[in-house]
Amino acid sequence: MLRLQNIQTYYGNIQALKDVTIDIEEGEIVTLIGANGAGKTTTLMSICGITPPRKGEIAFKGSRIHQLKPESIVQLGICQVPEGRRIFPGMTVLENLDMGAFLRKDKAAIKTDLDMVFDLFPILDQRRSQLGGTLSGGEQQMLAISRALMARPRLLLLDEPSLGLAPLIIQQIFEIIKKINEESGTTIFLVEQNANQALKLAHRGYVMENGRITLVDKASVLLENDAVKKAYLGL
Amino acid sequence: MEYFIELFLGGLTRGSIYALIALGYTMVYGIIQLINFAHGEIYMIGAFVAYIVCGVLTIYGFHGVSILIIAGLLAVVYSCAYGYTLEKVAYRPLRNAPRLSPLISAIGMSIFLQNYVLLAQTPDFLPFPALIPDFEFMEPIAHIIGSPELVILVTTLVTMIMLTLLIKYTKIGKAMRATQQDMSMARLVGINVDRVISTTFVIGSALAAIGGVLVASYIGQVNFYIGFLAGVKAFTAAVLGGIGSVPGAVLGGLVLGLTESFAAGYISSDYEDVFAFGLLVLILILRPAGILGRATKQKV
């Protein structure tokens, strides 16, 4: 479904991604784990067209997308829940969700999706007229995921959804991610530092170090891998 | 008491014009953190276009209010075109440059546009016809507020209400707010940020043009240099209210207008600018972010 082939992304003269190749099949949950500064967020931003790769190729469903503008990439059904949630703080919960559906024109279906999202996270329904900036961290993460769902993504990119949240809420968020994948068949690419949780949830995993992919395997295999255990699972 | 009301309404009129122009500064600043120093020139161009259109229409035998409306609309169209082009030519290529570069570009465009009008038109002050007639129903209160003041107040009020509705409820308004709050997130939900920025310049230019036409008709003259002082005053109003804040710009404009009016009325008109800028200094000492501005946290 999504194929990154030898992409190289730079910030000015600093190379952040070195020959990154990633394959994601339709319906999968794939995770990308790695330490701080390994290039995980840059990988997502490269897919979304915010920091387009200088070299290499990104293809979605067979057609190249690495030269498209961010809004065209969203239109294709690739949506990101960025690191730090990035809720529009001065907009209400409802307006934030509305922004998620910015490119859609099918009003009736948007309404259905809104109900679906409120079903998924009833707390957001209660908070619908509250400003996004006044929500708690967990609620903001739920809102960020919901905002992305409002675009009816084919591929959902999640950047550290567990960051800064309480263990109980992390559990809840991961369960929802699983539910989204199973119920609507949405493909999920999950970037995480919480390697243990991420590998338990995902079908396959990639390990990134200093801008390079160093390991690729089934998630269950990576969980047993000695190097992964030592570096990321604290075992 | 009557003198006080007269000064108050005069200040309100003056302030509403400052507010109208200040909105253009504050909206642009809110989105791209640029102080568009050429904004006053857009105002001046609006007034000039209206002057030319007035001349033409008068030859064809149009009268008063109809001239004002047609001239106003054409001034808005022209100014919008200038505002759009200005952003595209002078600011967009510098989008990722250090913040000082577009600022210098803005000052350059301001000087360029002034001199362009100076060369293309004239360095002289031109008489602008008084297009707003004295309404009959205004006669009983004409000694407190004149018809032109009333027209200015009503026009700016209607314009501001329309702007508020636009920002709050329309798709482009929501996109503008989203872009202002988090530009890269706005791109991630599919907003064409470049288009939003262009639209912001166009809306700001339209407001400036309306201000330009109203003031020119009120004061009765135009000149290539009128954008400078109007720009400085409106910029002051925007900073006073808290730059980046839309209600702040309106409040700042009104506070500035009232201060000037009272200073001129009770002390001396020679001192109105002293009080206006004195107030700015005072506010900046006591509330550096402006009356309604919030201190922004700088992320490192």
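Each value, and the rule that gives it
Residues numbered from 1 in each chain as written. Chains lettered and ligands numbered in written order. Predicted model: local features only at pLDDT ≥ 70, side-chain atom pairs only at ≥ 80, totals over all residues. Heavy atoms only, no water. Helix = DSSP H or I, 4+ residues; strand = E, 2+ residues; numbered from the N terminus. Rg over C-alpha atoms; globule rule 2.2 N^0.38 Å. Buried < 20%, exposed > 50% of the residue type's maximum accessible area, 1.4 Å probe, protein only. Contact = heavy atoms within 4.5 Å. Lys, Arg positive; Asp, Glu negative; His and termini not counted. Charge placed at Lys NZ, Arg CZ, Asp CG, Glu CD. 1 Å grid on protein atoms, 1.4 Å probe; cavity = no way out; pocket = protein on both sides within 12 Å on 5 of 7 lines; lining within 4 Å. Points joined across faces, edges and corners; volume = space filled by probe spheres on them. Nonpolar A, V, L, I, M, F, W, Y, C, P; charged D, E, K, R; others polar. Axes fitted to C-alpha atoms, helices over the stretch in contact; angles between N-to-C directions. Parallel < 35°, antiparallel > 145°, perpendicular 65-115°, else oblique. Left-handed = near helix turned anticlockwise from the far one by under 90°. Polar contact = N/O pair within 3.5 Å; in protein donor to acceptor, adjacent residues only side chain to side chain. Patch = residues over 30% accessible without salt bridge, like charges linked within 9 Å, V, L, I, M, F, W, Y side chains within 5 Å. Areas by Shrake-Rupley, 256 points an atom, 1.4 Å probe, with all protein chains shown as cover. Salt bridge = Lys/Arg side-chain N within 4 Å of Asp/Glu carboxyl O. Pairing = 2+ DSSP bridges.

Visitor: I'm lost on the overall build of chain A in this one. Help?
Guide: Along the backbone of chain A there are 10 helices and 10 strands. Taking 2.2 N^0.38 as the reference for a compact globule, 235 residues should give roughly 18 Å; the C-alpha atoms of chain A span a radius of gyration of 17 Å, in line with that estimate. Going through the 235 residues of chain A one by one, you find that 54% of them count as buried. Counted over contacts in chain A with a minimum sequence separation of 6, partners at least 24 positions apart contribute 67%. Placing the 27 positive and 26 negative side-chain charges of chain A at their respective mean positions leaves the two points 4 Å apart.

Visitor: Whenever I open this one, unusual backbone geometry confuses me. Can you help?
Guide: Excluding glycine, most residues fall at negative phi; most peptide bonds, likewise, are trans. Residue and element names in this part refer to chain A. Positive phi, close to 50°, is recorded for Lys61, a residue that is not glycine. With respect to the helices and strands, the residue Lys61 is situated in the loop between β4 (55-60) and β5 (63-64). Positive phi, normally seen in glycine, also occurs at Glu160, with a value near 45°. By relative accessible area, Glu160 is classed as buried at 4%.

Visitor: Any chance you could explain empty space enclosed by the protein here in plain terms?
Guide: Rolled over the atoms, a probe sized like a water molecule indicates the empty space that remains. For the structure shown, the criterion picks out one cavity of 30 Å³ or more. Taken together, 13 residues form the lining of the largest cavity, with Gln80(A), Arg147(A), Ala148(A), Leu188(B) and Val189(B) sitting closest to its centre. Elements supplying a minimum of two residues to the lining of the largest cavity: β6 (78-81) and α6 (137-149) of chain A together with α7 (183-188) of chain B. Here the lining of the largest cavity is composed, by residue class, of 10 nonpolar, two polar and one charged.

Visitor: I tried to follow the packing of helix α10 (residues 246-267) of chain B against helix α11 (residues 272-286) of chain B on my own but got confused; where do I start?
Guide: Residues and elements named next belong to chain B. Packing of α10 against α11 leaves a shortest axis separation of 8 Å and a crossing angle of 140°. With respect to α11, the element α10 is oriented oblique. Between α10 and α11 lies a crossing whose hand is right-handed. Along the contact surface, α10 presents Val255, Leu256, Thr259, Glu260, Ala263, Ala264 and Ile267, while α11 presents Glu272, Asp273, Phe275, Ala276 and Leu279. Per-class residue counts for the contact of α10 with α11 are eight nonpolar, one polar and three charged.

Visitor: In this structure, what is going on with the side chain of Gln8(A)? I would like to understand it.
Guide: All names here are of chain A. Tracing the sequence through the fold places Gln8 in strand β1 (residues 2-11). Given a relative accessible area of 13%, Gln8 falls into the buried group. Here Gln15 takes part through its side chain, which lies 2.9 Å from a polar atom of the side chain of Gln8. Polar contacts involving the side chain of Gln8 include one to the side chain of Asp19, which spans 3.2 Å. In contact with Gln8, not counting residues within four places along its chain, are Gln15, Leu17, Asp19, Pro53, Arg54 and Lys55.

Visitor: What should I look at first to understand the layout of surface pockets in this one?
Guide: Residue and element names in this part refer to chain B. As a volume, the second largest pocket reaches approximately 910 Å³. Contributing to the lining of the second largest pocket are 33 residues, with Arg95, Asn96, Met183, Arg187 and Asp194 lying nearest its centre. When its residues are assigned to classes, the lining of the second largest pocket shows 19 nonpolar, seven polar and seven charged.

Visitor: Explanation requested: a nonpolar patch on the surface in the structure shown.
Guide: Residues and elements named next belong to chain B. A cluster of nonpolar side chains, Met1, Tyr3, Phe4, Ile5, Phe8, Tyr266, Ile267, Tyr271, Val274 and Phe275, forms an exposed patch at the surface whose accessible area comes to about 1000 Å². If you list the elements that add at least two residues to the nonpolar patch, you get α1 (2-32), α10 and α11. The element contributing the most residues to the nonpolar patch is α1, with four residues. As for its placement among the helices and strands, Met1 is situated in the segment before α1.

Visitor: What is the right way to read the pairing of strand β10 (residues 212-218) of chain A from this model?
Guide: Within a regular beta strand, the side chains point alternately toward one face of the sheet and then the other, so they alternate between its two faces. Residues and elements named next belong to chain A. Note: strand β9 (residues 204-209) against β10, six bridges, orientation antiparallel. Note on β10: the bridge partner recorded for Val207 is Leu215. In textbook terms, the turn of a hairpin is the stretch between consecutive antiparallel strands, and for β9 and β10 this stretch comprises two residues, one of which, Asn210, has a positive phi near 45°.

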